[in-house]
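Each chain, written out:
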Amino acid sequence: MEQQTKLEGEVAKLIAEAVNLETPAEALDPDIRLFREGLGLDSIDLLEIALAISRKYGFQLRSDDPANGTIFASLRTLSAHIAQHRTR
Amino acid sequence: MNSTCPLLDGFEPDSIVSWDRGEPVSAARFCAAAAALAADLPKKHYVLNLCEDRLSFMLSFAAALIAGQVSLLPPSRAAGAVRDIFSAYPESYCLADHGDLPAGLPARIVPPWRTDAGRFDVPQIAAGQVALTAFTSGSTGKPQPHAKTWGSLVTEARFLSRHLGIGAGRNVSVLGTVPAQHVYGLATTVTLPLQSGVPVYSSHPLLPADISAALSALPGGRWLATTPAHLRACVGEETKLPGLTGIICATMPLSLELVQAAERLWSAPIHEIYGCTEAGVVALRRPAHTGQWRVCENMRLWQKGEEAWIEGGHLPRALRLPDLIELVSETEFILLGRPGDMAKIAGKRASLEALHRELLRIPGVRDGVFFVPEPPAPGRQARLAAMVVAPRLEPEAILRALRERIDPAFLPRPLLIVDALPRSATGKLPREGLLELAREALARDQRSA
């Protein structure tokens, strides 16, 4: 597994807390798929994650964004999206 | 009830049936497209409607009605669930608006929209025609079918329309965040708008910012048909939901705190629906005003021991409710909860016993149990958890096997591997023992990772 960056570590912790993951945040592979296969998250989980991200980073995620396949692909792509759009 | 009911009601030829990404689709164009698709459908009895887009779903549903075919509404689009239904209905095919379908099933993709409308002919559908079959998990784990006639769906939709005051001339439209395949989604975002002469938004936005953008694109007053999970996220983000006339909410209980916060934030009344796959909409209430539910027009309740029964209204026969209730009168009740074995997640019910059986069918699993863990936070819904005795299996392998067999909403999280389950001498699993072992196993997994 590749090392998590500092932001990836922070987002992993946020996801693990938002959706009650049994895998500890530090053990999340930055490239693992978040939805379906991979972590197996679903749309209700996505709602929880979006809410946590909006509270912590001060911007709202869109799921009907055409780039959405890439944004939610993995911890790495989601963190990159947050780095670009965060207001705090 | 007349012997036929129209496919849609309250629309002029050029009234809008749906807003399709900013583009209006008129009633005349909708009827023409439905008739054309109906003439072109494979000649079979059943059609699995797998459309994701609401307008495509409506078009496919309407075409099936015209062609006299029964729409099968799968409880989820998971490949396993679709295959299960297909094997029970070999005389069926899939109708979809996307190519992401389970391999090997006969399938048809909904054709692109026609631009011409032609003469405005509203198809008349026999009231007694079976319009759809929806499914519950059932006690054996195999999907149990529940058929509904077109007349029953129309009666239900017209009641909702009168009760909520949603009708042509009110300049309102409906936007839903729930899939049309769920009976609640179907009643509020397909049959209700079709029978009241109001337009519906074509897609189903998920995240608060999506819902906000979609609402902004609609003219007039807006009705939002949604769930507590979506409402909670929108309240948490203090999302701007412009122009709301009312909110319809169902699938799991709403907390009074959430109701009050939402009504304050958007100045729109919340109407909560209680229902089930077997009966559709059973009762409504304004949770800000009362804890009591009132059944639909002309329905009547009674109790037989612990069982609650309901009849009348849009129901062709008496049905037993899947929940425990306290009767206040023949038409009012208080919801007490579910019988012990049933779990309800994301608007879907499952028998824990049936899930347990699916778990034990996985090679390498010696013992296992599904259970409802302690809620993660107030107002948040817990997922199911599982503990499994399987010395040679990784949790990921068990999850992969389960994903093939059960609805994704019921996939356990966490799934903990343990040495043995805390069974009592009689083989029972006391809840306290389960929760304690789960806490220990969780602490152990987090230390060792």
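Residues numbered from 1 in each chain as written. Chains lettered and ligands numbered in written order. Predicted model: local features only at pLDDT ≥ 70, side-chain atom pairs only at ≥ 80, totals over all residues. Heavy atoms only, no water.

## As for the packing of aromatic side chains
Residue and element names in this part refer to chain B.
Working step 1: Counted under the stated rule, the structure contains seven aromatic pairs over all chains.
Working step 2: Relative to Phe333, the ring of Tyr274 has its centre 5.6 Å away and its plane inclined at 70°; by these criteria the two rings are edge-to-face. Of this pair, Tyr274 sits in strand β15 (residues 270-276) while Phe333 sits in strand β22 (residues 332-337), and the two are 59 residues apart along the sequence. Neither residue differs from the other here; Tyr274 and Phe333 are each classed as buried.
Working step 3: One aromatic cluster in this structure is built from Tyr46, Tyr89 and Phe135. (Phe/Tyr/Trp six-rings, centres within 6.5 Å; stacked < 30°, edge-to-face > 60°. Helix = DSSP H or I, 4+ residues; strand = E, 2+ residues; numbered from the N terminus. Buried < 20%, exposed > 50% of the residue type's maximum accessible area, 1.4 Å probe, protein only.)

## Re unusual backbone geometry
All names here are of chain B.
Working step 1: With an omega dihedral of 0°, the bond running from Arg413 to Pro414 counts as a cis peptide bond.
Working step 2: The phi torsion at Arg21 lies on the positive side, around 45°, for a residue other than glycine.
Working step 3: By the element assignment, Arg21 lies in the loop between β2 (16-20) and β3 (23-26).
Working step 4: Of note in the backbone geometry, Asn298 takes a positive phi value of approximately 65° without being a glycine.
Working step 5: Among the structural elements, Asn298 can be located in the loop between β17 (293-295) and β18 (299-304).

## What about the interface of chain A and chain B?
Size of an interface: often given as the accessible area lost when the parts come together.
Working step 1: Between chain A and chain B, the contact holds 29 residues from the first and 26 residues from the second.
Working step 2: Together, the buried faces of chain A and chain B total about 2,400 Å²; carbon and sulfur atoms form 53% of this surface.
Working step 3: Where chain A packs against chain B, one counts four salt bridges.
Working step 4: Notably, a salt bridge pairs B:Arg413 with A:Asp45, separated by 2.9 Å at the nearest N-O pair.
Working step 5: Linking chain A with chain B are six residue pairs in polar contact (both at pLDDT 80 or more), by the criterion used here.
Working step 6: Breaking the side of chain A that touches chain B down by element, the ones donating at least two residues are α1 (6-19) and α2 (43-57) of chain A.
Working step 7: Ranked by residues supplied to the side of chain A that touches chain B, first place goes to α2(A) with 10 residues.
Working step 8: Broken down by class, the residue content of the side of chain A that touches chain B amounts to 12 nonpolar, seven polar and 10 charged. (Contact = heavy atoms within 4.5 Å. Buried area = accessible area lost by both parts, 1.4 Å probe. Salt bridge = Lys/Arg side-chain N within 4 Å of Asp/Glu carboxyl O. Polar contact = N/O pair within 3.5 Å; in protein donor to acceptor, adjacent residues only side chain to side chain. Nonpolar A, V, L, I, M, F, W, Y, C, P; charged D, E, K, R; others polar.)

## What about the sheet that holds strand β4 (residues 46-49) of chain B?
Strand pairing in a sheet is mediated by backbone hydrogen bonds. Such pairs are either parallel or antiparallel.
All names here are of chain B.
Working step 1: Ordered by their spatial adjacency, six strands build an open sheet running β7-β6-β4-β5-β9-β10, and the pairing between neighbours is mixed. Each edge of the open sheet is held by one strand with a lone partner, namely β7 (107-109) and β10 (144-149). This sheet shows a mean twist of 30° between the axes of neighbouring strands, independent of strand direction.
Working step 2: Pairing geometry for β4 and strand β5 (residues 70-73), over three bridges, is parallel. Residue Tyr46 lies in a different strand from β5, and its bridge partner there is Val70.
Working step 3: Taken strand by strand, helix α3 (residues 79-88) contacts β4, β5, β6 (92-96) and β9 (130-136), and its axis lies near 175° from that of β4. (Pairing = 2+ DSSP bridges. Axes fitted to C-alpha atoms, helices over the stretch in contact; angles between N-to-C directions.)

## Some thoughts on the packing of α1(A) against helix α4 (residues 75-85) of chain A
Each pair of packed helices gets described by two things: the angle between the helix axes and the distance between those axes.
Residue and element names in this part refer to chain A.
Working step 1: At a minimum axis separation of 9 Å, α1 and α4 run at an interaxial angle of 105°. The orientation of α1 with respect to α4, classified from their angle, is roughly perpendicular. Note on element contacts: α4 touches α1 through Leu75, Arg76, Leu78, Ser79, Ile82 and Ala83, opposite Leu7, Glu8, Val11, Ala12 and Ile15.
Working step 2: Each residue belonging to the contact of α1 with α4 can be placed in one class, and the counts come to eight nonpolar, one polar and two charged. (Parallel < 35°, antiparallel > 145°, perpendicular 65-115°, else oblique.)

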